Amino acid sequence: MLSCPATSQPRLLRDVIAAPDYFARVSEVVLRIEAASEPASLIELLREATGLIGADVAAFMSFISDGDCESFRYLLACDPQWCVDYEQQAWYADDPWLAYARRHAEPIRASEVVVYGEPQAAIVRLAEHYGFRSTVVVPAPS
């Protein structure tokens with residue numbers, strides 16, 4: 001069950017996605033995300049999209065490596081402490097969800113991503129601690 005902040009009423013995911021205008025509302029926000037140029041507006045749109053799709057938390061992570069330089073970018077619709085703890089306790093090379101997203105184009109339930117060893121399991125536990133449960137990993141095209 002999901003909690004709707006505006007009404008504090010529990011709502012079932014199946015009811016959220018069954019709404020007749022569900023795909024139209026989500027598509028409209030996705031198009032606004034594509035056109036947004038300011039980080040603050042992107043974060044607000046990510047929060048809006050997160051609620052519209054029926055999720056409680058979300059994070060967008062991009063990672064670029066050209067051999068000599070590595071760059072991360074985060075947009076968070078979750079507790080920002082997750083990002084701080086992730087950067088202090090984890091290493092991107094151990095992140096099983098990021099590894100999946102770097103090699104695939106299809107969305108997948110995080111529970112279906114193979115986790116190898118304790119470092120990867122620790123990253124998953126950290127994410128779960130901050131609300132990333134029943135998670136979907138959605139690779140974003142470059």
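Per chain, residues are indexed from 1 in the order of the written sequence. Only residues with pLDDT of at least 70 get local features here, since the model is predicted, and only at 80 or more are side-chain atom pairs given and counted; chain-wide, interface and lining totals rely on the full set of residues. Excluding hydrogens and water, the side-chain values take into account all heavy atoms of the structure.

### As for the side chain of Gln120
Under the convention used in this document: Secondary structure elements follow DSSP: runs of H or I no shorter than four residues count as helices, runs of E no shorter than two count as strands, and numbering proceeds from the N terminus. Any two residues having at least one pair of non-hydrogen atoms within 4.5 Å are treated as being in contact.
If you trace the backbone, Gln120 turns up in helix H6 (residues 117–129). For Gln120, the residues in contact, after removing those within four places along its chain, are Asp94, Pro96, Val114 and Val115.

### Some thoughts on unusual backbone geometry
What counts is decided by this rule: Residue burial is assigned from relative accessible area. The probe radius is 1.4 Å, only protein chains are included, and a residue is buried under 20% of its type maximum, exposed over 50%, and partly exposed in between.
Its identity as a non-glycine residue notwithstanding, Ser134 has a phi of 50°, on the positive side. Counting through the fold element by element, Ser134 comes out in the loop between H6 and strand E6 (136–137). Ser134 gets classed as exposed once you look at its relative accessible area, which sits at 80%.

### Examining the packing of helix H4 (residues 81–89) against H6
Using the following cut-off: Axes here mean lines fitted to C-alpha atoms, for a helix over just the part in contact, with angles spanning 0 to 180 degrees between N-to-C directions. Throughout, the term roughly parallel applies to angles under 35 degrees, roughly antiparallel to angles over 145, roughly perpendicular to angles from 65 to 115, and oblique to all others. Take the far helix as the reference: if the near one is turned anticlockwise from it by less than a right angle, the crossing is left-handed, and if turned clockwise, right-handed. Residue type decides the class: Asp, Glu, Lys and Arg count as charged, Ala, Val, Leu, Ile, Met, Phe, Trp, Tyr, Cys and Pro as nonpolar, and the leftover types, Gly among them, as polar.
Contact pair H4 / H6: the axes reach a minimum separation of 10 Å and the direction vectors enclose 165°. In terms of axis orientation, H4 runs roughly antiparallel to H6. The way H4 lies across H6 gives a crossing that is right-handed. Only Ile123, Leu126 and Ala127 of H6 make contact with H4, whose side of the interface consists of Trp82, Asp85, Tyr86 and Gln89. In terms of residue class, the contact of H4 with H6 is made up of five nonpolar, one polar and one charged.

### Topic: the packing of helix H2 (residues 22–35) against helix H3 (residues 39–52)
Between H2 and H3, whose axes approach to 10 Å, the crossing angle comes to 165°. Relative to H3, the element H2 lies roughly antiparallel. Two packed elements cross with a definite hand, and for H2 against H3 that hand is left-handed. Facing H2, whose interface residues are Tyr22, Arg25, Val26, Val29, Arg32 and Ile33, H3 presents Leu42, Leu45, Glu48, Ala49 and Leu52. When the residues that make up the contact of H2 with H3 are grouped by side-chain class, the tally is eight nonpolar, no polar and three charged.

### Overview of the packing of aromatic side chains
Selection criterion: Between rings of Phe, Tyr and Trp, where Trp is taken as its six-membered ring, a pair exists when centres lie within 6.5 Å; planes separated by under 30 degrees are stacked, by over 60 edge-to-face, and by other angles tilted.
One pass over the structure, following the stated rule, counts nine aromatic pairs. Centroid distance Phe72 to Tyr92: 5.5 Å. Interplanar angle 65°. Geometry classified as edge-to-face. Here Phe72 is found in strand E4 (residues 70–77), whereas its partner Tyr92 is found in the loop between H4 and helix H5 (96–103), with 20 residues between them in sequence.

### Regarding the pattern of salt bridges
The line we're drawing: Salt bridges are defined by distance alone: a side-chain nitrogen of Lys or Arg within 4 Å of a carboxyl oxygen of Asp or Glu.
Applying the stated criterion across every chain, the model contains five salt bridges. Here Glu28 and Arg32 are joined by a salt bridge, their closest N and O atoms 3.3 Å apart. With Glu28 and Arg32 both in helix H2, this residue pair falls four residues apart, about one helical turn. Judged by its relative accessible area of 33%, Arg32 is partly exposed. One salt bridge in this structure joins Arg32 and Glu48, with 2.5 Å as the shortest N-O distance. Here Arg32 is found in helix H2, whereas its partner Glu48 is found in helix H3, with 16 residues between them in sequence. When salt bridges with common partners are traced through the structure, they connect Glu28, Arg32 and Glu48 into a single cluster.

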